[in-house]
Amino acid sequence: MPSLVGSEMCIRDSGKTDRIDDTRSEENFVTECDGWSAARPSCCPPPTTSPCGQMSTRQIDVSASMLPNNLASNGKLLAFASLSRVPIITEEHATPATIATIDAPNGTLVMQCGWCTFGQGPSFLVLALKTGVQVWGAEGKRMLLWAPLPALIAKEVAAAPPDPDQHAMGIAALSTGGAYRLCVGTSVGTVLVFSHDALQTTFAHALSVRAKPVEQPEPAVTALAAAPLASGSGALLARADGTGAVQLWTTADGHAFERGRRLAADGLSCTGVCARADVVLCAFSNGELRGYGAHSGHTLVAIAAHARAINALALHPTLWLLAAAAEDTYVSVWSIALPGAGGSGEMGVKNVAFWGVADAHLCGVAFHGEGGKRVSASAYDSTALTTWTLP
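Draft legend 1. Fine view of the overall build of the protein chain. Check the secondary structure of the protein chain and you find two helices and 32 strands. The burial tally for the protein chain puts 56% of its 391 residues in the buried class.

The following block contains the structure:
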């Protein structure tokens, strides 16, 4: 039987999907690869006592809402949704931790926040609200866009009765052909695309993208991701929904979007999605992480990373490191090497770190700090923001 070093294993290009199966038991941590198995290695002790990375905790004025992917970072600042408020938190361990707070209009709920950066320009803080979309300067001092949701999606819901659960969710920045686009998902399945004028620092609604004709209903968007294609000839947009489906589009100029692969829906809610080059990485409500080839649609890897639903997913800004936070109170970090993921061409997956936060309902995770060496996690009904330093 081939030996497995730590939790690293090869993924062979044989048409099969290699799988890491985690029973999430401290006494019995098992990894599997096409029938191979190995007991939990001594280099990976139980998460609650893991030496992999220094841990620290900071107290924030408010608690994160119980929403997926509820922590965002631009490397220097962190933010999350707390009912109708968004605290902006310094990455450094300074006092006070919160440097500014944005209050949504009329007490409307904030469904998600995320930073977007276009090219070498400044970053912007985007708020997906129950009633619309806002864009702010990175430090929350100036609002650059307020787009009410009902007017933007009126033609998609004109034939249907008003939906009290209408909202925006899913945020991604897309750059291609000299065009900068901000993409925001909605509860009616539409992806709103806003153009960004870098010289004027303004945003304007440009178009809407749908996977189906207007008369056919679509599931609510749960997550969005965008990335330049590896060929350099355009960009990829990935839209996930509550059925587990991930619809892909490509665009060469940011104006026309060509519908691509629709990754299989299996009834599991897709709770998070990240993209880079020609690889789409997804998190699901059964605790599984999957990597897909954007062009082939094939499943490249499946990792049974958590025992319960994954609530948040984050991709390192420069490295092929993937962080997940789940309802089982654990945060995991994985190093991946897949076709289209660059590197030496070798294929494999390695568990880099595994941390536990006792009695925490984790709802957000983000890389930040110099070189993205820090990982922070937010939790519902807790004012603690927990941070680890990668080894």
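Draft legend 2. Region of the structure containing the pattern of salt bridges. Applying the stated rule across the entire model yields 12 salt bridges. Note that Asp103 is salt-bridged to Arg85, the shortest N-O span being 3.2 Å. Placement of the pair is Asp103 in strand β9 (residues 98-103) and Arg85 in strand β8 (residues 85-90), with a sequence separation of 18 residues. Taking the relative accessible area as the measure of exposure, Arg85 reaches 35% and is therefore partly exposed. Asp165 serves as the salt-bridge partner of Lys130, at 3.9 Å between the closest nitrogen and oxygen. A residue pair is termed long-range when its members are at least 10 positions apart, and Lys130 in the loop between β11 (123-129) and β12 (132-137) and Asp165 in the loop between α2 (154-157) and β14 (168-176) qualify at 35 residues. Classification of Lys130 by relative accessible area gives partly exposed; the value is 23%.

Draft legend 3. The sheet that holds strand β30 (residues 361-368), seen in detail. Sheet architecture is open: four strands sit in the order β5-β32-β31-β30, paired in antiparallel fashion. Sheet topology places β5 (55-59) and β30 at the edges, where each strand pairs with a single neighbour. Between one strand axis and the next, the sheet turns by 25° as a mean value, whatever way the strands run. The pairing of β30 with strand β31 (residues 374-380) spans seven bridges and is antiparallel. Paired with His368 across the strands is Arg374, a residue of β31.

Draft legend 4. Spatial organisation of the confidence of the model for the protein chain. Overall, the predicted model of the protein chain reaches an average pLDDT of 82, with 81% of residues at or above 70. Across residues 1-51 the pLDDT falls below 50, and counting only partners more than four positions away or on other chains, this stretch makes 106 contacts in the model.

Draft legend 5. Main features of the nonpolar core. Residues Val126, Val133, Val135, Leu182, Val184, Phe194 and Phe203 are the most contacted members of the largest nonpolar core, which totals 21 residues. The set of elements that each furnish at least two residues to this core consists of β11, β12, β13 (143-148), α1 (149-152), β14, β15 (179-186) and β16 (191-197). Phe203 has contacts with Phe118, Phe124, Val135, Leu144, Leu145, Leu182, Ser195 and His196, leaving out every residue within four places of it along the chain.

Draft legend 6. Representation of the packing of aromatic side chains within the structure. Inspection of the entire model under this criterion finds six aromatic pairs. Ring centres 5.5 Å apart and planes at 35° place the aromatic pair Phe118 and Tyr180 in the tilted group. Residue Phe118 is found in the loop between β10 (110-117) and β11, and its partner Tyr180 is found in strand β15; the two are separated by 62 residues along the sequence. By way of ring pairs, the aromatic residues Phe118, Phe124, Tyr180 and Phe203 are connected into one cluster. Geometry around Trp320 places Arg276 over its ring, the cationic atom sitting 5.3 Å from the centre. Above the ring of Phe284, the side-chain terminus of Arg290 is found at 4.3 Å from the ring centroid.

Draft legend 7. The arrangement of the sheet that holds strand β7 (residues 77-79) in detail. Spatially, the four strands line up as an open sheet ordered β6-β7-β8-β9, and their pairing is antiparallel. Strand pairing shows two members of the sheet lacking a second neighbour, β6 (72-73) and β9, which therefore form its edges. Two strands pair when backbone bridges link them, and β6 and β7 are joined in this way by two bridges, in the antiparallel orientation. Directly across from Ser73, in β7, lies its bridge partner Leu78.

Draft legend 8. Main features of the pairing of strand β21 (residues 257-263). Examined bridge by bridge, strand β20 (residues 246-251) and β21 share five bridges and lie antiparallel to one another. Following the sheet pairing, Gln247 is matched in β21 by Arg262. The hairpin turn running from β20 into β21, its antiparallel successor, is five residues long, and Gly254 in that turn takes a positive phi close to 80°.

Draft legend 9. Molecular detail of the side chain of Arg276. Locating Arg276 in the fold gives a position in strand β22 (residues 270-276). For the buried Arg276, no salt bridge exists, and the shortest N-O distance to an oppositely charged side chain is 11 Å, to Asp278. A polar contact is formed between the side chain of Arg276 and the backbone oxygen of Pro317, at a distance of 3.2 Å. If sequence neighbours within four positions are ignored, Arg276 has contacts with Ala227, Leu315, His316, Pro317, Thr318, Leu319 and Trp320.

Calculation rules
- All residue numbers here refer to positions counted from 1 along the written sequence of the relevant chain.
- Reporting of local features is limited, given that this is a predicted model, to residues whose pLDDT is at least 70; pairs of side-chain atoms are given and counted only at 80 or more, and all residues count toward the totals for whole chains, interfaces and linings.
- As a rule here, side-chain values cover all heavy atoms of the structure and leave hydrogens and water aside.
- We count a stretch as a helix when DSSP gives it H or I for four or more residues in a row; a strand needs E for two or more, and each element gets its number in order from the N terminus.
- Burial classification: accessible surface area is computed with a 1.4 Å probe over protein chains only, and a residue below 20% of its type maximum counts as buried, one above 50% as exposed, and the rest as partly exposed.
- Salt-bridge detection follows one rule: a side-chain nitrogen of Lys or Arg within 4 Å of a carboxyl oxygen of Asp or Glu.
- Here, strands pair whenever DSSP counts at least two bridges between them.
- Helix axes are fitted to C-alpha atoms over the stretch in contact, other axes to C-alpha atoms as well, and angles between N-to-C directions run from 0 to 180 degrees.
- As a per-residue measure, pLDDT reflects the predictor's confidence and takes values from 0 up to 100.
- By definition, residues are in contact when any of their heavy atoms lie within 4.5 Å.
- The term nonpolar core refers to a set of buried residues drawn from Ala, Val, Leu, Ile, Met, Phe, Trp, Tyr and Cys, joined through side-chain atoms within 4.5 Å.
- Working definition: a ring pair exists when centres of Phe, Tyr or Trp rings (six-membered ring for Trp) sit within 6.5 Å. Plane angles under 30 degrees give stacked, over 60 give edge-to-face, the rest tilted.
- A ring is scored as having a charge over it whenever the NZ atom of a lysine or the CZ atom of an arginine sits within 6 Å of its centre and within 35 degrees of its normal.
- None of His or the chain ends enter the tally, which takes Lys and Arg as positive and Asp and Glu as negative.
- N or O atoms closer than or at 3.5 Å make up a polar contact, with two conditions inside protein: a donor-capable atom paired with an acceptor-capable one, and, for residues adjacent in sequence, both atoms drawn from side chains.

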